[in-house]
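Spelled out, the chains give:
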Amino acid sequence: MVSLLDPTMLTNIFLIAISGTLICIAVHFIPVGGAPAAMAQATGIGTGTVELAAGSGLVGLLTASHMYAGEPNAPVSLVLAAGAMGSMIMMASVGIACGIMYAYGVGVPFASAQVKRDPITGARQDLYVSKGTQGHGVPTVCFVSGLIGAALGGIGGALIYYVLVGIYTPLITTSAAAVAGVFTVAVFYVNSVIPSYGVAGTIEGFHDPKFRRVLPKDAVTSFVVSLLSGIIAVMIAGGMV
Amino acid sequence: MVLDLTMGMAVLALMGALATIAGCLEDLETDVGSQSNANSQVQLAPQMGFLHRIYNKAISGEPVSYGFSAVTGATVTTVLLNFRLYPLTAITIGAFIAAIIYGVFSTTAHAGRIASQSRFKQPLYMDMIRYTTPTIIAHNFIANFCLIAIAYLQFTMLGFPFPIPFLALIWGITVGCIGSAVGDVHYGGERQYQNREFGVGLNTALSGRIVRKGESGLRSSIDNVWFCAKFGGPATGIGFGLVVFLTFWPVIIFRGYTWNTMIAGFIIVVLMVLLNRLLEVNIKNTYGPYKEDKIEKEART
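All of these numbers come straight from a predicted model, not from anything done at the bench.

Caption draft 1: Geometry of the overall build of chain A. Counting its secondary structure elements, chain A contains 7 helices and 2 strands. Listed N to C, the secondary structure of chain A is α-α-α-α-β-β-α-α-α in terms of helices and strands. Against the globule reference of 18 Å for 241 residues, chain A gives a C-alpha radius of gyration of 19 Å, in line with a compact fold. Taken over the C-alpha atoms alone, chain A extends approximately 65 × 35 × 25 Å along its principal axes.

The following block contains the structure:
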């Protein structure tokens with residue numbers, strides 16, 4: 001029987017809350033330009049926050065789950081690293097394909113409208129922003145920021161999965177991984193949607209002034225929501241006995 | 001379960017090839033059906049007085065609609081596999097049923113969207129629905145087939161703990177995400193605005209003023225997919241193929257998930273950062289800045 005007041009369960013709920021918050025923070029790092037970026041009107045990858053964060057995080061979930069299934073005695077650090085690796089490779093591959101598209105399909109140089117110089121390379125940005133736009137493409141700072149976000153998202157997703165598999169496996173051995181996976185996807189989506197209201201469609205990454213403005217509020221909201229998700233995740237285990 | 005090196009690489013190569021085709025076809029389907037971010041311009045056009053003959057469906061965001069489509073097909077496939085059908089037959093039937101359901105959603109989404117624009121006098125062209133919907137279904141069928149096949153390979157050959165429908169759901173979401181991020185830029189940023197100068201972003205003032213004349217006659221969605229198949233579709237395919245291939249390549253090479261695997265994955269990521277930087281420098285040197293630096297200008301004068 002699973003008890004909510006058991007110290008181990010409380011720790012697990014807390015870990016799920018932390019993981020959800022990590023995913024929420026990760027979304028702020030990912031450079032999404034939404035519909036404007038799809039028309040080369042804004043800097044970043046031309047899709048939505050939820051799409052990109054969930055897309056990369058779920059690849060991380062796949063690698064983490066694959067790893068954990070093959071080596072159940074692996075340390076948690078390796079499971080988290082597997083999640084981060086999968087997410088980062090996904091984000092890097094999308095960034096490269098997206099860059100090729102902006103460079104040769106639309107023919108625009110990469111430029112951020114939020115900073116005069118790229119904080120990482122020091123390259124001028126403002127001179128390359130075309131008229132009537134808020135920048136375009138994926139400059140190095142956005143690319144690196146996206147990778148940091150992907151790593152955090154991958155770690156968050158892998159940690160939720162790790163915790164839930166630990167709870168469910170003694171109760172439902174064969175389908176524990178699937179239930180834990182579905183619940184991880186749910187927590188991923190919840191925590192990807194919360195920052196969408198804050199970033200309002202577009203954010204360039206950690207160098208965007210919006211990042212500092214909206215991150216604290218979103219993180220607190222996410223922690224509370226993830227805590228509730230954690231409680232529900234433990235409660236549904238009661239029906240598995 | 002980790003296969004031996006030769007078999008592992010063979011399965012990985014097959015998965016990579018399937019992913020490349022899936023990515024390409026997913027993007028082309030969303031171009032011919034006009035979905036996701038780029039569709040905002042098709043939706044906006046009649047409000048700006050630009051009536052058009054472009055298919056206008058946005059069932060939902062691409063990741064969700066492709067996740068739904070792939071999981072539907074994979075569920076049917078799993079049921080058929082339990083009836084001991086051959087995997088190839090089961091996957092084909094599953095993908096076909098999912099594609100038909102997708103076609104139903106496409107038609108209702110298109111009709112609903114056009115009906116909502118009646119106040120802007122945008123007509124609902126029945127002939128367009130007749131010849132574009134089968135094209136959408138055909139593209140979706142191939143994408144579904146590839147996604148379910150990847151999920152099947154992962155479940156049966158690589159020992160993933162998730163069932164086939166759940167794996168297909170994840171890959172559907174991922175391919176939708178990549179199609180939305182990569183291929184749609186070619187459709188939205190270039191094809192819909194071929195009348196503006198090449199080499200600049202779209203001026204916000206031009207939003208909704210999409211090109212409506214085709215290479216011959218009025219532009220249709222079939223014309224759009226013809227154009228996007230030259231670059232947007234293949235680039236999306238390469239993007240998704242890279243994701244599937246590079247994510248599991250270190251795992252196959254290093255015989256499982258070890259710290260060496262993680263280091264190899266990290267090196268791949270660093271190489272991609274460098275590649276992106278090279279691309280950035282190259283493109284800036286090729287196209288040059290749009291304006292001069294004020295200090296440099298003053299110093300010269």
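Moving on, there is more to tell.
Caption draft 2: Inspection of the overall build of chain B at higher detail. Of the regular secondary structure elements, chain B holds 10 helices and 0 strands. Taken from the N to the C terminus, the helices and strands of chain B come in the order α-α-α-α-α-α-α-α-α-α. Referenced to the eigenvectors of the C-alpha coordinate spread, the extents of chain B come out at roughly 65 × 60 × 25 Å. Expressed as a percentage of its 301 residues, the buried residues of chain B come to 53%. Taking as baseline every contact in chain B between residues at least 6 positions apart, the subset at least 24 positions apart corresponds to 76%.

Caption draft 3: Inspection of the nonpolar core at higher detail. Residue and element names in this part refer to chain B. By size, the foremost hydrophobic cluster in this structure holds 170 residues, and its most contacted members are Leu147, Ile148, Ala151 and Ala168. Looking at which domains feed residues into this core, each of domain 1 (5–255) and domain 2 (258–291) gives three or more. Apart from residues lying up to four places away in sequence, Leu147 is in contact with Ala22, Ala70, Ala168, Trp171, Gly172 and Val175.

Caption draft 4: Focus on the domain arrangement of chain B. Residues and elements named next belong to chain B. Its domain assignment divides chain B into domain 1 (5–255) and domain 2 (258–291). In this complex, domain 1 contributes 6 residues to the contact, which on the side of domain 2 involves 7 residues. Classifying every residue of the side of domain 1 that touches domain 2 gives 5 nonpolar, 1 polar and no charged.

Caption draft 5: Examining unusual backbone geometry more closely. Located in the positive-phi region is A:Ala40, a residue other than glycine, with phi close to 55°. Locating A:Ala40 in the fold gives a position in the loop between helix 2 (34–38) and helix 3 (49–70). Note on A:Ala40: 28 C-beta atoms within 10 Å, which makes it buried. Even without glycine at this site, B:Arg255 takes up a positive phi of about 55°. The residue B:Arg255 is located in the loop between helix 8 (232–253) and helix 9 (259–287) in this model.

Caption draft 6: Main features of the confidence of the model for chain A. Overall, the predicted model of chain A reaches an average pLDDT of 90, with 99% of residues at or above 70. Confidence scores differ between elements of chain A, with helix 2 of chain A showing the lowest mean pLDDT of 87 and helix 5 (residues 140–168) of chain A the highest of 94.

Caption draft 7: Main features of the interface of chain A and chain B. Contacts between the two partners involve 69 residues from chain A, matched on the other side by 67 residues from chain B. Elements represented by at least two residues in the side of chain A that touches chain B include exactly helix 2, helix 3, helix 4 (76–106), helix 5 and helix 6 (176–199) of chain A. At 22 residues, helix 4 of chain A tops the list of elements feeding residues into the side of chain A that touches chain B.

Caption draft 8: Up close: the environment of A:Ile167. All names here are of chain A. Of note, Ile167 is situated in helix 5. Through-space distance from the C-alpha of Ile167 to that of Gly137 is 43 Å; in sequence the pair is 30 residues apart. In this view, Ile167 contacts Asn12, Val234 and Ala237; residues no more than four positions away in its chain are not counted.

Caption draft 9: Structural view of helix 5 of chain A. Compared with the 42 Å implied by 1.5 Å per residue over 29 residues, the 42 Å span of helix 5 of chain A between its first and last C-alpha is a close match. Counting buried positions along helix 5 of chain A gives 27 out of 29 residues, so the element sits mostly inside the fold.

Caption draft 10: Representation of the packing of helix 1 (residues 5–32) of chain B against helix 8 of chain B within the structure. Residue and element names in this part refer to chain B. Relative orientation of the contacting elements helix 1 and helix 8 amounts to 155°, with a least axis distance of 7 Å. Regarding the angle of helix 1 to helix 8, the classification is roughly antiparallel. Helix 8 is crossed by helix 1, and the crossing has right-handed handedness. Of the residues belonging to the contact of helix 1 with helix 8, the class tally is 17 nonpolar, 10 polar and 3 charged.

Caption draft 11: Examining the environment of A:Pro31 more closely. Residue and element names in this part refer to chain A. On the secondary structure map, Pro31 appears in the loop between helix 1 (7–29) and helix 2. Assessed through the 31 C-beta atoms surrounding it within 10 Å, Pro31 is described here as buried. Sequence spacing of Pro31 and Arg117 is 86 residues, and the spatial spacing of their C-alpha atoms is 17 Å. Residues contacting Pro31, with those up to four places away along its chain left out, are Thr43, Gly44, Ile45, Val138, Cys142, Ser145, Gly146, Ile203, Glu204 and Gly205.

Caption draft 12: View of the confidence of the model for chain B. Taken over all residues, the pLDDT of chain B has a mean of 91, while the share at 70 or more is 99%. Of the two predicted TM-score estimates for the complex, the pTM is 0.94 and the ipTM is 0.93.

Caption draft 13: Here's a closer look at the packing of helix 3 (residues 62–82) of chain B against helix 5 (residues 126–156) of chain B. Residue and element names in this part refer to chain B. Relative orientation of the contacting elements helix 3 and helix 5 amounts to 60°, with a least axis distance of 9 Å. Classified by the angle their axes make, helix 3 and helix 5 are oblique. The two elements helix 3 and helix 5 meet at a crossing, and its hand is right-handed. In this structure, helix 3 uses Ser69, Ala70, Gly73, Ala74 and Thr77 to contact helix 5, whose residues at the interface are Asn140, Asn144, Leu147, Ile148 and Ala151.

Caption draft 14: Structural detail: the environment of B:Phe166. Considering the arrangement of structural elements, one finds B:Phe166 in helix 6 (residues 164–190). Distance from B:Phe166 to B:Thr75, taken between C-alpha atoms, is 8.9 Å for residues 91 residues apart in sequence. In contact with B:Phe166, not counting residues within four places along its chain, are A:Ala178, A:Gly181 and A:Val182.

Rules used throughout
Residues numbered from 1 in each chain as written. Chains lettered and ligands numbered in written order. Predicted model: local features only at pLDDT ≥ 70, side-chain atom pairs only at ≥ 80, totals over all residues. Helix = DSSP H or I, 4+ residues; strand = E, 2+ residues; numbered from the N terminus. Rg over C-alpha atoms; globule rule 2.2 N^0.38 Å. Buried ≥ 20, exposed ≤ 12 C-beta atoms within 10 Å, placed from the backbone. Contact = placed C-beta atoms within 7 Å. Core = buried A, V, L, I, M, F, W, Y, C linked by C-beta atoms within 7 Å. Domains from an automatic or database assignment. Nonpolar A, V, L, I, M, F, W, Y, C, P; charged D, E, K, R; others polar. pLDDT = per-residue confidence, 0-100. Expected span 1.5 Å × (residues − 1). Axes fitted to C-alpha atoms, helices over the stretch in contact; angles between N-to-C directions. Parallel < 35°, antiparallel > 145°, perpendicular 65-115°, else oblique. Left-handed = near helix turned anticlockwise from the far one by under 90°.

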